Amino acid sequence: RDVLTIAIDGPAGAGKSTIAKRLAKDYKIVYVDTGAMYRSVALYMMEHHIDLDIEQDVVEALEQVHIRIEYKDQVQHIYLNEEDVTQKIRQQSVGEGASKVSAYLPVRKKMVMMQQEMAKMTSLVMDGRDIGTHVLTDAKVKIFLNADVMIRAKRRYNELLEKGESADLNVIADEIRERDHRDMNREHAPLIQAHDAHLLDTSKMSIDDVVHAIKKIIEMRR
Ligand code: C5P
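Residues numbered from 1 in each chain as written. Predicted model: local features only at pLDDT ≥ 70, side-chain atom pairs only at ≥ 80, totals over all residues.

Another point: the packing of helix H7 (residues 149-162) against helix H8 (residues 169-185). Across the interface, H7 lies against H8 with an axial gap of 9 Å and an inter-helix angle of 120 degrees. Between H7 and H8, the crossing angle belongs to the class labelled oblique. Here H7 runs over H8; the crossing is right-handed. Across the interface between the two elements, Val149, Met150, Arg152, Ala153, Lys154, Arg156 and Tyr157 from H7 touch Leu169, Ile172, Ala173, Ile176 and Arg177 from H8. Grouping the amino acids of the contact of H7 with H8 by side-chain chemistry returns eight nonpolar, no polar and four charged. (Axes fitted to C-alpha atoms, helices over the stretch in contact; angles between N-to-C directions. Helix = DSSP H or I, 4+ residues; strand = E, 2+ residues; numbered from the N terminus. Parallel < 35°, antiparallel > 145°, perpendicular 65-115°, else oblique. Left-handed = near helix turned anticlockwise from the far one by under 90°. Contact = placed C-beta atoms within 7 Å. Nonpolar A, V, L, I, M, F, W, Y, C, P; charged D, E, K, R; others polar.)

The next thing to look at is the site of the ligand. Residues in close proximity to the ligand total 15 residues, the closest being Gly35, Tyr38, Ala98, Ser102 and Gly128. Those elements that place two or more of their residues in the shell around the ligand are helix H2 (35-47), helix H4 (92-101) and H8. (Near = placed C-beta within 6 Å.)

A sheet is described by the order of its strands in space; here five strands give the open sequence S2-S6-S1-S7-S8, paired in parallel fashion. Each having just a single partner strand, strand S2 (30-33) and strand S8 (198-201) make up the two edges of the open sheet. Averaged over all pairs of adjacent strands, the angle between their axes in this sheet comes to 20 degrees, without regard to strand direction. Sheet topology note: the strand S7 (residues 141-146)/S8 ladder contains four bridges and is parallel. Within S8, the residue paired with Ile143 across the bridge is His198. Packing of helix H5 (residues 105-121) onto the sheet brings it into contact with strand S1 (5-9), S2 and strand S6 (124-128), and relative to S6 it is tilted by some 160 degrees. Along the sheet face, helix H9 (residues 207-221) touches S7 and S8 and points at about 160 degrees away from the line of S7. (Pairing = 2+ DSSP bridges.)

And the structure:
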């Protein structure tokens, strides 16, 4: 059985999910968005007024958090205690919250266990911050996507405008910087390029360019 596992890591707004979705479609494999899992944990804490900065409180409440992933027409739906929160977790504030709760080891352990279970069964492309370094250390292909911070901010800004939300480019850039800093400097599984990952700077690449480059790497390795 030829199982294809693709690990994609990188900072916020580097284009991970867009690229991962394209690869999933083209290779007819599953796309797992691990950020959605950390976001769901954060959402639970926020809705229950738990202070995200107090690790003990977050870890205690973690026992009440049940996350389930389901696919409907190839689209990942995430359920938090049986409520479909796929849309709710996209808010900027939930992303910020996810960056806080993801620093706590018990939170990471719970998520990583689920992620590794999923990878046992099927071919997939998984994106996040620690996929190549911790979750799927023997992935067939590891990609580290990066781009200039202002370009990443601009992409987020455009996404928000498209959704009809208002946004301030400089505020978004500051939030991205802060989130990257937290993700790269945390103690457990910080955001870092795996030694065997292929680095792609997408600042000046179109989506098609990036997909094409990754496919070439995959074909080389198969
Ligand atoms: O990718 P996304 O913006 O949805 O991720 C939200 C946050 O979740 C990240 O800023 C990061 O702190 C955390 N995360 C993580 N490990 C992953 C995926 C996401 O720590 N594998």
